[in-house]
Amino acid sequence: ALKRMLNFNVPPVKNSTGEPVWKVLIYDRFGQDIISPLLSVKELRDMGITLHLLLHSDRDAIPDVPAVYFVMPTEENIDRMCQDLRNQLYESYYLNFISAISRSKLEDIANAAIGANAVTQVAKVFDQYLNFITLEDDMFVLCNQNKELVSYRAINRPDITDTEMETIMDTIVDSLFCFFVTLGAIPIIRCSRGTAAEMVAVKLDKKLRENLRDARNSLFTGDALGAGQFSFQRPLLVLVDRNIDLATPLHHTWTYQALVHDVLDFHLNRVNLEESTGTESSPAGARPKKKNKKSYDLTASDKFWQKHKGSPFPEVAESVQQELESYRAQEDEVKRLKSIMGIEGEDEGAISMLSDNTAKLTSAVSSLPELLEKKRLIDLHTNVATAVLEHIKSRKLDVYFEYEEKIMSKSTLDKSLLDMISDPDAGTPEDKMRLFLIYYISSAQVPSEVDLEQYKKALMDAGCNLAPLSYIKQWKAFTKMASAPTSYGNTTPKPLGLFSRVMNTGSQFVMEGVKNLVLKQQNLPVTRILDNLMEMKSNPETDDYRYFDPKMLRGSDSSVPRNKNPFQEAIVFIVGGGNYIEYQNLIDYIKGKQGKHVLYGCSELFNATQFIKQVDNLCNI
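Residues numbered from 1 in each chain as written. Predicted model: local features only at pLDDT ≥ 70, side-chain atom pairs only at ≥ 80, totals over all residues. Heavy atoms only, no water.

(A) Region of interest: helix α19 (residues 525–534). The buried fraction of α19 amounts to ten of the ten residues, a majority that puts the element mostly inside the structure. Among the residues of α19, Pro525, Val526, Thr527, Arg528, Ile529, Leu530, Asp531, Asn532, Leu533 and Met534 are the ones counted as buried. Against β8 (188–191), β9 (236–241), β16 (569–575), α20 (580–591) and β17 (597–602) lie the buried residues of α19. Two residues or fewer past α19, Met536 is found with a positive phi of approximately 55 degrees. (Buried < 20%, exposed > 50% of the residue type's maximum accessible area, 1.4 Å probe, protein only. Helix = DSSP H or I, 4+ residues; strand = E, 2+ residues; numbered from the N terminus. Contact = heavy atoms within 4.5 Å.)

(B) The arrangement of the side chain of Arg395 in detail. If you trace the backbone, Arg395 turns up in helix α13 (residues 368–395). The buried category is assigned to Arg395, whose relative accessible area is 11%. When residues no more than four places from it in sequence are discounted, the contact partners of Arg395 are Val263, Tyr400, Ala426, Gly427, Thr428, Asp431 and Arg434.

(C) Main features of the confidence of the model for the chain. Taken as a whole, the chain shows an average pLDDT of 85; of its residues, 84% reach a score of 70 or greater. Long-range and interchain partners of residues 480–485, a stretch whose pLDDT sits below 50, account for six contacts in this model, where long-range means more than four residues apart. (pLDDT = per-residue confidence, 0-100.)

(D) Molecular detail of empty space enclosed by the protein. This model, assessed by the stated rule, comprises four cavities of 30 Å³ or more. Taken as a whole, the second largest cavity encloses approximately 80 Å³ of empty space. The wall of the second largest cavity is formed by 14 residues, among which Ala258, His261, Asp262, Ile581 and Asn607 lie closest to the centre. Secondary-structure elements contributing two or more residues to the lining of the second largest cavity are α9 (256–263) and α20. (1 Å grid on protein atoms, 1.4 Å probe; cavity = no way out; pocket = protein on both sides within 12 Å on 5 of 7 lines; lining within 4 Å. Points joined across faces, edges and corners; volume = space filled by probe spheres on them.)

(E) Looking closely at the sheet that holds strand β4 (residues 90–97). On the basis of which strands lie adjacent, the open sheet formed by five strands has the order β2-β1-β3-β4-β5 and parallel pairing. Looking at the sheet topology across the chains shown, the edges are occupied by β2 (49–54) and β5 (122–127). Averaged over neighbouring strand pairs, the angle between their axes works out to 20 degrees when direction is ignored. Docked against the sheet, helix α4 (residues 75–86) engages β3 (62–71), β4 and β5, running at close to 165 degrees with respect to β4. (Pairing = 2+ DSSP bridges. Axes fitted to C-alpha atoms, helices over the stretch in contact; angles between N-to-C directions.)

(F) Local environment of a negative patch on the surface. Side chains of Glu75, Glu76, Asp79 and Asp108 sit close together on the surface and give a patch of like negative charge. Residue contributions to the negative patch peak at three residues, all from α4. With respect to the secondary-structure elements, Asp108 resides in helix α5 (residues 103–115). Judged by relative accessible area, which is 37%, Asp108 ranks as partly exposed. (Patch = residues over 30% accessible without salt bridge, like charges linked within 9 Å, V, L, I, M, F, W, Y side chains within 5 Å. Areas by Shrake-Rupley, 256 points an atom, 1.4 Å probe, with all protein chains shown as cover. Salt bridge = Lys/Arg side-chain N within 4 Å of Asp/Glu carboxyl O. Lys, Arg positive; Asp, Glu negative; His and termini not counted. Charge placed at Lys NZ, Arg CZ, Asp CG, Glu CD.)

(G) Fine view of the environment of Ala67. The residue Ala67 is located in strand β3 in this model. Placed 59 residues apart in sequence, Ala67 and Phe8 show a C-alpha to C-alpha distance of 9.6 Å. Once you skip the residues sitting within four places of it in the chain, Ala67 turns out to touch Val24, Ile26, Tyr90, Ser92, Tyr93 and Tyr94.

(H) Examining the pairing of strand β6 (residues 133–136) more closely. As judged from the three bridges shared by β6 and strand β7 (residues 139–141), these two strands associate in the antiparallel manner. Following the sheet pairing, Ile133 is matched in β7 by Val141. Taking the residues between adjacent antiparallel strands as the criterion, β6 and β7 are bridged by two residues.

In structure tokens form, the structure reads like this:
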């Protein structure tokens, strides 16, 4: 959809050799967040975008160039666009709104265009319905700017008014509506009762229904959409409320992408690292060296990332090492050929060797760009993995991960929770708090007051902030589910002994003392709910989920699915925020199902630190 928009809203022709039309792209922060995870600067340039600028920056007039705008239809954006028209900044204007623009705002633009005598220059005005951010082929989040407006905390504030709640739900529904317009499919909606997810479902059903009824302007008919990704079968949309599982967002993790998100600054597919600048001692009294900040994009074109983002960390470390070795071998080969090429003397052997090697050298030279790219990726992942490893070692994250898995799967614990909390070497206060909250959430009966006081004292001594506990306590007392806590399967990770292979000398990663844990597939609650609904299994957990079909003439409040066949495609959407642990769990689950696809979406993405902050704020209200 973005490529079509950048091509003035006509589908780009595949193999046209002509130059693209050069143009400028003007976006606001929302537009920037939507485009940046999907298109690199180079790809934009290939599509004829020479300049890309923020709407509210100082822009010079470029009178002979068309401008493509991609912005939210807000008051200030519209004012600024009208100002651009009056100042005659560009040759022609292609106005694209991320979300649908209201009639009155359109009139404002029209008036400005007439006033500026620029009506003929406004070439196209489009509602793009792209108000969501795609992070992976199978993952999207709603927004990044103003995400606190739809955050877990915003939805769960005890003092929230009905009108505030309506606004939040409308914002979420607007984005989900955009998502389905872009997908070109009308889903069948299932949701849990009595939750924010149900409010979203009701509103989304209504909005899709109204759009389908309006035959003239429906967004779901005709060729305007292309066939969409889905064939004849409609997708299932499962709306899940974050509150059904608060343990997973706090859980320590063991797979690469989720670890990067948990311990590093990873945001919209970009990771920001502080580079430690060596240990060379600075002369006494000198200012400490500034740490360099480096940022790396982890994208779909990064083959290593695509292959290993869901792998357990030890495997990643081993693979980086192997990649490095194969790269060095290729590099040595090129060096060897170069030295042979410098042969003097006219003897026969050298000549025949030469002709033989010329071919080799040619192929070596032509593979250089590929080799350099490979080197760039290896360096990138060496840096990122090393940064993750430092956290694992300094905070004993492997121990936490293993211990939490045991708690969540009700296995016997080899070490008491109190010992874990009071061990000064293991983890930060926040790690301990996460562990304790998971224990508290997962326990079938709440610990007695005496035990709780003892835990609290230990947590206080470890320097923990106890505020989040009071919210989780209320939450646990409040949820009906408390009687039967969500089970997390009953398999624990198996240690494979410490790293033997990676430990050979010369490895980049010193993995001493880090457990080599291997994951066994166990479904998290969200995945289990999806499995029940997608495969049409009867299960008390999901039997009373509401069923909506926007295509049916009359909406009905039923839990009985009309369609009894299992679904091939599903979208899981978490109202209240999601995380990479659940995403990975869903992806692993669907791998085992031939020909089925699942997409994961959430109102925002947070890691445990961000989640605890939100919960912490909820207690102080």
